[in-house]
Amino acid sequence: MTDVTHSASQMELYKMCPTRHFYKYILGRPDPSGDAAEAGTQVHTLIERYLRDNVMPDPALTWSGSPDGYVYEIGQVALAMIENLPAGGSVPDVEITLALAVGDHKFRGRVDARRRSSDGRLTVTDHKSTSNIRYAKSEDDLRTDLQAILYAKWAGEDVTLEWNYGASKPKPATKKIPAHFPTRLVTLFLTKEQADESYKKIVEPVARLVAASYKHKDIRRVQKNTDSCSKFPPAGCPFKEECLGKKMSIETKKSTLVEFLRAKRAGLPVPALAPS
């Protein structure tokens, strides 16, 4: 077993750009999360209190990261999202620690909620706030989603995965519909056998690559995916200028060939290398 403990977000970041992963997780460089992420955390807390303690979110509650920053109506967002969930006070299992060991790999995470129906069927829920509901994943997306597969593997039995999406900003009013916060509930049922197979095909190859990445000491040996430089709003990847300013020698490019081929076989994005 490796000494590296993986998270779904860590592996997703590696898939997006191995160099960005290197800066954040191996070099330990600060990675500003932004106001939207913090607002999402506040919404999670409100939903958690509703599910566990039957405390209704205050519709007037707002949050902003700075005096002149965007004011998130977190109470309204939470109220919209709980419409997709069971009655308040009926879900005691919230914010559960995920700790999973499979073969040579260890995983960690936080499960937003877990509940059983009267006939014993298990449902695992994850709350997702997003700037626009069009970014919500589909049922087919969840079938190959690292986090979803890890949750199903962790469940250890047949499970319904429930991704509860809520827009963090209101949709403007029209002549027929008032301004509102759109939501979308996406569900996927997986048997234990399906979860085991998906883990082997989708999660395990990425986990191997991430574990191997910790052996690198020289950032010049790490792959770059320049297509993802602008995928970190509002100003793109915080390490972009430093990253693209580094040049790679022919010898260094040759030394990354093995990692390049492994990534390609695993279905990961094949990154562009900086010119020498």
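Scoring rules and cut-offs
- Residues numbered from 1 in each chain as written.
- Predicted model: local features only at pLDDT ≥ 70, side-chain atom pairs only at ≥ 80, totals over all residues.
- Heavy atoms only, no water.
- Helix = DSSP H or I, 4+ residues; strand = E, 2+ residues; numbered from the N terminus.
- Buried < 20%, exposed > 50% of the residue type's maximum accessible area, 1.4 Å probe, protein only.
- Contact = heavy atoms within 4.5 Å.
- Areas by Shrake-Rupley, 256 points an atom, 1.4 Å probe, with all protein chains shown as cover.
- pLDDT = per-residue confidence, 0-100.
- 1 Å grid on protein atoms, 1.4 Å probe; cavity = no way out; pocket = protein on both sides within 12 Å on 5 of 7 lines; lining within 4 Å.
- Points joined across faces, edges and corners; volume = space filled by probe spheres on them.
- Nonpolar A, V, L, I, M, F, W, Y, C, P; charged D, E, K, R; others polar.
- Core = buried A, V, L, I, M, F, W, Y, C linked by side-chain atoms within 4.5 Å.
- Pairing = 2+ DSSP bridges.
- Salt bridge = Lys/Arg side-chain N within 4 Å of Asp/Glu carboxyl O.

## As for the overall build of the protein
A count of helical and extended segments in the protein gives 10 helices and six strands. Relative to its full complement of 276 residues, the protein shows a buried share of 41%. Expressed as a percentage of contacts within the protein between residues at least 6 apart in sequence, the contacts between residues at least 24 apart total 69%. Counting only carbon and sulfur atoms, one obtains 51% of the accessible surface of the protein, whose full area is about 14700 Å².

## Some words on the confidence of the model for the protein
In regions of low pLDDT, the predicted coordinates are not meant to be interpreted in detail. Mean pLDDT for the protein: 88, with 87% of residues reaching 70 or above. Note that pLDDT drops below 50 for residues 247-256; the model gives that stretch 23 contacts with residues more than four away or on any other chain. Every residue in residues 271-276 scores below 50 in pLDDT, and together they form 24 contacts with partners more than four places removed in sequence or on other chains.

## Some remarks on the layout of surface pockets
If you add up the space inside the largest pocket, you get close to 2400 Å³. Every residue lining the largest pocket is counted, 50 residues in all, and those nearest its centre are S9, S33, A37, K128 and S129. Of all elements in the fold, only α1 (8-16), α2 (18-26), α3 (34-53), β2 (94-102), β3 (105-116), β4 (122-130), α6 (146-155) and β5 (159-167) reach the threshold of two or more residues within the lining of the largest pocket. Sorting elements by how many residues they give to the lining of the largest pocket places α3 first, with eight residues. A class-by-class count of the residues in the lining of the largest pocket yields 19 nonpolar, 15 polar and 16 charged.

## Some points on empty space enclosed by the protein
Taking a probe equal in size to a water molecule and rolling it over the atoms shows the remaining empty space. Taken as a whole and assessed by the stated rule, the structure comprises four cavities of 30 Å³ or more. By volume, the largest cavity amounts to about 100 Å³. Forming the walls of the largest cavity are 15 residues, and the residues nearest its centre are C17, C229, C237, K240 and C243. Counting residues per element, the ones that place at least two in the lining of the largest cavity are α2 and α8 (240-245).

## What about the nonpolar core?
Counting residues in hydrophobic clusters, the biggest one holds 36 residues, and the most contacted among them are M11, F107, V124, L161, W163 and V203. In terms of residues, this core owes the most to one element, α6, which gives eight residues. With 19 residues, the next largest nonpolar core counts A80, M81, I82 and F181 among its residues.

## Overview of the pairing of β4
A large share of β4 lies buried, amounting to seven of its nine residues. Pairing between β3 and β4: four bridges, direction antiparallel. When the sheet's bridge partners are listed, R115 is paired in β4 with T123. Taken together, the nine bridges between β4 and β5 define a ladder with parallel strand orientation. Considered in β5, the bridge of V124 is made with L161.

## Here we look at the pattern of salt bridges
Between side chains of opposite charge, a pair can form when the charged atoms approach closely. By the definition in use, this model includes 16 salt bridges. A salt bridge links R110 to E95; its shortest N-O distance comes to 3.6 Å. Placement of the pair is R110 in strand β3 and E95 in strand β2, with a sequence separation of 15 residues. R110 sits in the partly exposed class, given a relative accessible area of 41%. With a closest N to O distance of 3.7 Å, D140 and R143 form a salt bridge. Within this pair, D140 and its partner R143 are both found in helix α5 (residues 139-143), separated by three residues, close to a single helical turn. It is possible to trace a salt-bridge network through shared partners that takes in E48, R52 and D53.

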